[in-house]
Amino acid sequence: MASLAEKRMVDAEQADNNPRTRPEELRLLEALLFASTEPLDQATLAKRMPDGVDIKAALTQLQEDYAPRGVNLVRIANKWTFRTAGDLSWLMTRESTETRRLSRAATEMLAIIAYHQPVTRAEIEEIRGVVTSKGTLDVLLETGWIRPRGRRKTPGRPLTFGTTEAFLSQFSLEALSDLPGLEELKGTGLLDTRLPTGFTVPTPSDDPTLREDEDPLEAGDLELVLAPRVEPETGSEGE
Amino acid sequence: MASLAEKRMVDAEQADNNPRTRPEELRLLEALLFASTEPLDQATLAKRMPDGVDIKAALTQLQEDYAPRGVNLVRIANKWTFRTAGDLSWLMTRESTETRRLSRAATEMLAIIAYHQPVTRAEIEEIRGVVTSKGTLDVLLETGWIRPRGRRKTPGRPLTFGTTEAFLSQFSLEALSDLPGLEELKGTGLLDTRLPTGFTVPTPSDDPTLREDEDPLEAGDLELVLAPRVEPETGSEGE
Amino acid sequence: MTAEILSFETGRPAELADGEPALVVDVEGYEGPLDLLLALARQQKVDLAKISILALADQYLQFIEAARKIRLELAADYLVMAAWLAFLKSRLLLPEPPTAEGPSAEQMATALANRLRCLEAIREASNRLMNRPQLQRDIFPRGFPETIAEIRHPRYTATLYDLLAAYAVQRQQTVLASVHLAKRTVWSLAEARASLERMVGLAEDWSRLDEYLLHYVVDPSQKATVFASSFAAALELVREGEVELHQQEPFAPLFFRKRPPLPAPDTMPTGDAG
């Protein structure tokens, strides 16, 4: 590995090319992004930055600057934020606040929601071949990674579920199109396949705009979904 | 996971190809410091970092790296943390305007000033029958709808208040004389029609010319009026 | 068309419960018949698209048979699936009847294979998703964010109506208040009477009414009202026999005293009569 001394020389060279006077817009941007708890979108950044700064170019430049560092600038759902580099996870374990391990049922359900959204509970069960316990749905709703987004215009008007921005943030996805294996899945036609009940899910989309076959949620729907479990805990999906 | 030794080899190779690759210890340090919920001292960092890293040298290097940036590595009470560069502290404040309804007390005071100007605070209190808190006057001055216009030639030389052009524009009045008089107020039902004879409503005027019993403002009068509140809020006019 | 497969099932199997006694060791870990079928299909070690449903049905039926031989309890949905697979197997083996209703056996087999492929695909996707670097597990946000202080500038609003209403209310309040004060300056008959009654107790002998009144009149402007009320009250007390009034001539000072007690014989008969 390059010694620290060598590194310093390299740094010094870079410093020559790029005099210490770092472009002010980059300084402002990194300060804003470092300070914020939440990812910030371009519009919010633009509001805080002096007029006439090409935010997009500055963000690209900043992303490049930080790419080799231990802290990277990442884009999630069109918002920008600094995150520790993924390859350093081994070092960061101690920072980890005991993240809940999802049960296999919950992870499968999450995947179905992610890849097939908007999707109803019955459709999820169709794919998995088993009835989902309310507990699993509750656990997922609690993570904040999924949300009920509307009601399917079919008899019974079941709720449709989709993923949230927190989901993208959790799995470091810039957009839903970055879901791993999505292209292959689409290629094999498995997402296009007319599933036994005859519904089609061409491409997953978390676009909040409702589909043609979706009705908006009504007042009280969210309370309903998030209501305390009334069904007894079946414990059928031991976590 | 790859051992650090392996990582270093990889880094060294990459470093040859890509001079931008940073020494691993700097990446580790910045990631740790970035993610930590509190400033870290050297001993804690040493514990978290792989053996054999010269923490002190790395910290110094990192501090130098970040010096020209919008975020600096600073040492506070022998602990290290990233902070927004001092010259950018202004970025860390956000100014926002929020629309607030004028309180009842302030509205009442404003109404008296509008009709009875030029008027002193004591005169306002006499008409209103309650003591005015300085806070209410401050709020009105903050609106920019009233202004001190002179001093009454009476013992104590109290300030006289009048309305401003901003007042007219706020209430869409072409001139102050457009404020409804006694008969118009009765006509709108705001004033009781059975009021005793002798009840009058003044014809308001915001003519900036000082009255005979007014002295001009003196230097420093405005600062005095706009000084931060020192009187405790009496709460006598619950807002 | 493939919907037939599902309608055949009486209900969807419930997920397995860990340690639920009704479920045997052999099927533990399988999330229902579809899961078990997928596991069996994987044993065929071929692309699921090329899987032999016939062979799969055999495997499943053998599995169930073995479980039943050792008297293991199986959840109903496993048996439902077994019955359906037995039916499918017979349809696959027998030549298609010329006027077959509903989906052909081939279509049903394809649909089942398709369901298995879908399940496997989503499992694979799920694994890949969960293996991505996760927030707070592999990658971290800034741990010690700096607060952005918010300086709020209030912008006040009020309507002309608010202003006029506020003005009118205040002005009328003051007018009402002064009317109220004026009322108070009137010395009421009751007040005058109460004061007189108190005085009468003290005045055994003739006293000047105006002298007594001076005690009560602080504000000269109240003199007239106090005098008038007291005079009226005194007249009322005279009528009731409590007080005697005496005046020498018009506009001369008025004297009053407590009425001396009447002779007993006079009072007794009236008392009897009453």
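These remarks concern the structure in this document. Every value quoted in this text rests on a predicted model; they were computed, and no experiment measured them. (Residues numbered from 1 in each chain as written. Chains lettered and ligands numbered in written order. Predicted model: local features only at pLDDT ≥ 70, side-chain atom pairs only at ≥ 80, totals over all residues. Heavy atoms only, no water.)

### Comments concerning the overall build of chain C
Secondary structure assignment for chain C yields 10 helices and four strands. Reading chain C from its N end, one meets helices and strands in the order α-α-α-α-α-β-α-α-β-α-α-β-β-α. Looking at chain C residue by residue over its 274 residues, the buried ones come to 38%. By element, 57% of the accessible surface of chain C is carried by carbon and sulfur atoms, the whole surface being about 16,000 Å². (Helix = DSSP H or I, 4+ residues; strand = E, 2+ residues; numbered from the N terminus. Buried < 20%, exposed > 50% of the residue type's maximum accessible area, 1.4 Å probe, protein only. Areas by Shrake-Rupley, 256 points an atom, 1.4 Å probe, with all protein chains shown as cover.)

### So, the sheet that holds strand β4 (residues 254-258) of chain C
Residues and elements named next belong to chain C. Taken together, three strands build an open sheet; the order of strands is β2-β4-β3 and the sheet is antiparallel. Each edge of the open sheet carries a strand with a single partner, namely β2 (207-208) and β3 (243-247). Where β3 lies against β4, five bridges are found, and the strand directions are antiparallel. Residue pairing in the sheet places Leu245 in a bridge with Phe256 of β4. Along the sheet, helix α9 (residues 223-239) contacts β3 and β4; its crossing angle with β3, the most-contacted strand, is approximately 120°. (Pairing = 2+ DSSP bridges. Contact = heavy atoms within 4.5 Å. Axes fitted to C-alpha atoms, helices over the stretch in contact; angles between N-to-C directions.)

### Remarks on the nonpolar core
Membership of the largest hydrophobic core comes to 63 residues, with the highest contact counts inside it found for Leu110(A), Tyr115(A), Phe167(A), Leu179(A), Tyr60(C) and Leu85(C). Top contributing element to this core by residue count: helix α5 (residues 105-130) of chain C, with 12 residues. If you look at the next biggest cluster of nonpolar residues, it comprises 50 residues, including Leu73(A), Ala31(B), Leu32(B) and Ala85(B). (Core = buried A, V, L, I, M, F, W, Y, C linked by side-chain atoms within 4.5 Å.)

### A word on the pairing of strand β3 (residues 79-84) of chain B
Residues and elements named next belong to chain B. Here two bridges tie strand β1 (residues 40-41) to β3, and the two strands are oriented antiparallel to one another. Looking at the pairing, Asp41 lines up with Lys79 of β3. Relative to β3, strand β2 (residues 71-76) runs antiparallel, the two sharing six bridges. Looking at the pairing, Leu73 lines up with Phe82 of β3.

### Considerations on the packing of helix α2 (residues 24-35) of chain B against helix α4 (residues 55-66) of chain B
All names here are of chain B. Where α2 meets α4, the axes come as close as 10 Å, and the angle between the chain directions of the two elements is 75°. What the angle tells us is that α2 and α4 run roughly perpendicular. Of the residues in α4, those touching α2 at Glu25, Leu26, Leu29, Glu30 and Leu33 are Ile55, Ala58, Leu59, Gln61, Leu62, Asp65 and Tyr66. (Parallel < 35°, antiparallel > 145°, perpendicular 65-115°, else oblique.)

### With respect to the packing of aromatic side chains
Summed over all chains, the structure comprises 10 aromatic pairs over all chains. Here the basic side chain of Arg69(A) rests over the ring of Tyr66(A), its NZ or CZ set 5.5 Å away from the ring centre. (Phe/Tyr/Trp six-rings, centres within 6.5 Å; stacked < 30°, edge-to-face > 60°. Lys NZ or Arg CZ within 6 Å of the ring centre and 35° of its normal.)

### Let's talk about the sheet that holds strand β5 (residues 119-120) of chain B
Paired through their backbone hydrogen bonds, the strands of a sheet run either parallel or antiparallel. Residue and element names in this part refer to chain B. If you trace the four strands from one edge of the open sheet to the other, you get β5-β7-β6-β8, paired in antiparallel fashion. Sheet topology places β5 and β8 (214-215) at the edges, where each strand pairs with a single neighbour. Taken together, the two bridges between β5 and strand β7 (residues 159-163) define a ladder with antiparallel strand orientation. Each residue of the ladder has a partner; that of Thr120, found in β7, is Thr160.

### With respect to the interface of chain C and chain B
Contacts between chain C and chain B engage 34 residues on the former and 50 residues on the latter. Note on chain C versus chain B: buried area summed over both sides is about 4,200 Å², and carbon and sulfur give 61% of it. For the interface between chain C and chain B, the tally reads one salt bridge. Between Asp162(C) and Arg101(B) there is a salt bridge, with the nearest N and O atoms lying 2.9 Å from each other. If you look at where chain C meets chain B, you find 17 residue pairs in polar contact (both at pLDDT 80 or more). Among the elements that make up the side of chain C that touches chain B, the one with the highest residue count is helix α6 (residues 160-184) of chain C (14 residues). (Buried area = accessible area lost by both parts, 1.4 Å probe. Salt bridge = Lys/Arg side-chain N within 4 Å of Asp/Glu carboxyl O. Polar contact = N/O pair within 3.5 Å; in protein donor to acceptor, adjacent residues only side chain to side chain.)

### Focus on the packing of helix α6 (residues 104-116) of chain A against α5(C)
Put simply, α6(A) and α5(C) touch, their axes get as near as 9 Å, and they point 100° apart. For the element pair α6(A) / α5(C), the angle class is roughly perpendicular. For the pair formed by α6(A) and α5(C), the contact residues are Arg104(A), Thr107(A), Glu108(A), Leu110(A), Ala111(A), Ile112(A), Tyr115(A) and His116(A) on the first element and Leu119(C), Ile122(C), Arg123(C), Ala125(C), Ser126(C), Leu129(C) and Met130(C) on the second. Partitioning the contact of α6(A) with α5(C) into residue classes produces nine nonpolar, three polar and three charged. (Nonpolar A, V, L, I, M, F, W, Y, C, P; charged D, E, K, R; others polar.)

### Focus: the pattern of salt bridges
This structure, assessed with the given rule, holds 40 salt bridges over all chains. Between Asp213(A) and Arg152(A) there is a salt bridge whose closest N-O contact spans 3.2 Å. Of this pair, Asp213(A) sits in the loop between α10 (182-188) and β7 (214-215) while Arg152(A) sits in strand β5 (residues 146-152), and the two are 61 residues apart along the sequence. Take Arg152(A): its relative accessible area is 7%, and that puts it in the buried class. For Asp215(A), the salt bridge identified is with Lys153(A), shortest N-O distance 3.9 Å. Of this pair, Asp215(A) sits in strand β7 while Lys153(A) sits in the loop between β5 and β6 (159-163), placing them 62 residues apart in sequence. Sharing partners across several salt bridges, the network here consists of Arg104(A), Glu108(A), Arg128(A), Glu31(C), Asp35(C) and Arg123(C).

### Topic: α6(A)
Residues and elements named next belong to chain A. Between its first and last C-alpha, α6 extends 18 Å over 13 residues, near the 18 Å set by a 1.5 Å rise per residue. Burial analysis of α6 places 12 of its 13 residues in the buried class, the great majority of the element. Taken residue by residue, α6 has Ala105, Ala106, Thr107, Glu108, Met109, Leu110, Ala111, Ile112, Ile113, Ala114, Tyr115 and His116 as its buried positions. (Expected span 1.5 Å × (residues − 1).)

### Observations regarding the side chain of Asp35(C)
Residues and elements named next belong to chain C. Within the secondary structure, Asp35 is located in helix α2 (residues 32-43). Taking the relative accessible area as the measure of exposure, Asp35 reaches 5% and is therefore buried. Polar contacts involving the side chain of Asp35 include one to the main-chain amide nitrogen of Glu31, which spans 2.5 Å.

### Digging into unusual backbone geometry
With an omega dihedral of -5°, the bond running from Gln117(A) to Pro118(A) counts as a cis peptide bond. The phi dihedral of Ala77(B) is positive, around 50°, even though this residue is not glycine. In this model, Phe251(C) sits at a positive phi of 70°, which is unusual for a non-glycine residue. If you trace the backbone, Phe251(C) turns up in the loop between β3 and β4. For Phe251(C), a relative accessible area of 85% gives the class exposed.

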